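Breakdown of the fold
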Amino acid sequence: MKNHFFKIGILTLACFAYSFSYSDIHEKEYKFETIAEGLSFPWGIAFISNNEILVTEKTGKLRVIKNGNLLEESVEGVPDSLFRGQGGLEGIVLHPNFTQNKYLYLAFSETDPLNKKLNTLRVVRGKLEGLTLTEVKTIFKANPSRKTSNHYGAKMAFLADGTLLITSGDGFSYREMAQKLDNHYGKVIRLNDDGSIPEDNPFLSTPGAKPEIWSYGHRNQQGLATNSDGSIVYEHEHGPRGGDELNIIEKGKNYGWPAITYGIDYSGALISPFKEKAGMEQPIHYWMPSIAPSGMTFYDGDLFTKWKGNLFISGLVPGDVRRISLNGNKFIEEEILFAALGKRIRNVVTAPDGSLVLATDEFPNQLNPQGGKLIRVKPNN
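Residues numbered from 1 in each chain as written. Predicted model: local features only at pLDDT ≥ 70, side-chain atom pairs only at ≥ 80, totals over all residues. Heavy atoms only, no water.

A look at the confidence of the model for the protein chain
Per-chain confidence: the protein chain averages 92 in pLDDT, with 91% of residues scoring 70 or above. Confidence drops under a pLDDT of 50 for residues 1-23, and excluding neighbours within four residues, the segment shows 46 contacts in the predicted structure. (pLDDT = per-residue confidence, 0-100. Contact = heavy atoms within 4.5 Å.)

Written out as structure tokens, the structure reads:
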């Protein structure tokens, strides 16, 4: 994507919540409450409780919101990240037993310490003690490193068995590597919570394969979520020019990129003449033109009863949320929500109270980096 630079403005940090409405066909059904603003490219969101929220800023800080207040002090002990291109401090997920062990996981891009011209995706585990991250341990580092600063993936989700899935993107210029098993480009990775390799990973006995790989043939996977009982894993990824995909991820499967795709290259050139091939999985839904899908949550809350069991997918272009209704593994229909905000929506998550929380940012703009907000969506009753 091309960078667009907007007029520099003076932003005032507002850490109180207030409500506002937009005039659209849904305005009678829900309302918006700004939780916090003045965030620098908010990306990942994790709830310690409904009133204590962790937010990663792509520029490198882990921020804390308590009782509607965005704390001025960020969490110390967070490793340095590479904020360049599409990289930075991005994914965050809490350990399933966070209440007891205080472990959280961060995914970010970093400069390769052995070659400053290269960089890679790294995932760490640390213990949150107050406003300090301690016992920081690297559990995954994508290999090989890349020259580009695009397509990191960097989304994480725990499965019902306690193992951790990590998305690792194709690095933009390395797409052919997504079909090979000797690297981490364009893969979904599965690890135990301490970074060790599960004994039932699909390619443990495949010569030359990376044993961490769970699935392959992906492009840039920005959404990862499971259904209520963890039996279904949903993933979405950016296509090139068109062809964004919503997939159901299964052990050992090949999702086709770049051998099959519904998109074309940014230049207009053909990437592949094929949309289907034997042995390669089909998306359950795809978008033409692209919506630039960014985050995703499976809704199992009680505030919006008619939305229970739906997927919500945030989009950057033109900026809205897609509600996807499903019948088991089948796509049924799509509804566009929250477009009246007029913002790029970077993420959508379900809060403990059943509300939806959106992270917004302006178009990536190095000169005006603090336009991000967290907005809660609640029923208007």
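On we go from here.
Remarks on the pairing of strand S3 (residues 42-49)
Across the 8 residues of S3, 6 count as buried, placing the element largely inside the fold. Pairing geometry for S3 and strand S4 (residues 52-57), over 5 bridges, is antiparallel. Within the sheet, the bridge partner assigned to alanine 46 lies in S4 and is leucine 54. (Buried < 20%, exposed > 50% of the residue type's maximum accessible area, 1.4 Å probe, protein only. Helix = DSSP H or I, 4+ residues; strand = E, 2+ residues; numbered from the N terminus. Pairing = 2+ DSSP bridges.)

Side note on the nonpolar core
One finds Tyr105, Leu121, Phe140, Met156, Leu164 and Ile166 to be the most contacted residues of the largest nonpolar core, which totals 24 residues. Elements supplying a minimum of two residues to this core: strand S8 (103-111), strand S9 (119-129), strand S10 (132-141), strand S11 (153-158), strand S12 (164-168), strand S13 (187-191) and strand S14 (213-216). When residues no more than four places from it in sequence are discounted, the contact partners of isoleucine 166 are Leu121, Val123, Phe140, Lys155, Met156, Lys187, Val188, Ile189 and Leu191. (Core = buried A, V, L, I, M, F, W, Y, C linked by side-chain atoms within 4.5 Å.)

A few points about unusual backbone geometry
With omega at 0°, the peptide bond leading from methionine 288 into proline 289 counts as cis. You can see proline 289 is positioned in the loop between strand S18 (285-287) and strand S19 (293-298). Although it is not a glycine, phenylalanine 172 adopts a positive phi angle of roughly 70°. Structurally, the position occupied by phenylalanine 172 is in the loop between S12 and S13. Overall, phenylalanine 172 belongs to the partly exposed group, its relative accessible area being 38%.

Topic: the pairing of S12
Within a regular strand, side chains alternate between the sheet's two faces. Burial analysis of S12 places 5 of its 5 residues in the buried class, the great majority of the element. With burial as the criterion, each face of S12 is covered, one bearing Leu164, Ile166 and Ser168 and the other bearing Leu165 and Thr167. Direction of pairing for S11 relative to S12: antiparallel, over a ladder of 4 bridges. The residue bridging alanine 157 from the neighbouring strand is leucine 165, located in S12. Between the antiparallel neighbours S11 and S12 lie 5 residues, among them glycine 162 with a positive phi of about 90°. Examined bridge by bridge, S12 and S13 share 5 bridges and lie antiparallel to one another. Note that in S13 the partner of isoleucine 166 across the bridge is isoleucine 189.

A closer look at the sheet that holds strand S5 (residues 62-66)
With respect to topology, 4 strands assemble into an open sheet ordered S3-S4-S5-S6, the strand pairing being antiparallel. Across the chains shown, the open sheet's two edge strands, defined by having one partner strand only, are S3 and strand S6 (69-70).

Observations regarding the packing of aromatic side chains
On inspection of all chains with the given rule, the structure shows 14 aromatic pairs. Centroid distance tyrosine 30 to phenylalanine 338: 4.9 Å. Interplanar angle 85°. Geometry classified as edge-to-face. Note that tyrosine 30 is positioned in strand S2 (residues 30-39) and phenylalanine 338 in the loop between strand S22 (330-337) and strand S23 (344-350), a separation of 308 residues in sequence. An aromatic cluster is defined as three or more aromatic residues linked by ring pairs; in this entry it consists of Tyr299, Phe304, Trp307 and Phe312. Lysine 58 extends its terminal NZ or CZ atom over the ring of phenylalanine 41, reaching a point 5.9 Å from the ring centre. For arginine 125, the ring lying beneath its charged end belongs to tyrosine 103, and the centroid distance is 3.9 Å. (Phe/Tyr/Trp six-rings, centres within 6.5 Å; stacked < 30°, edge-to-face > 60°. Lys NZ or Arg CZ within 6 Å of the ring centre and 35° of its normal.)

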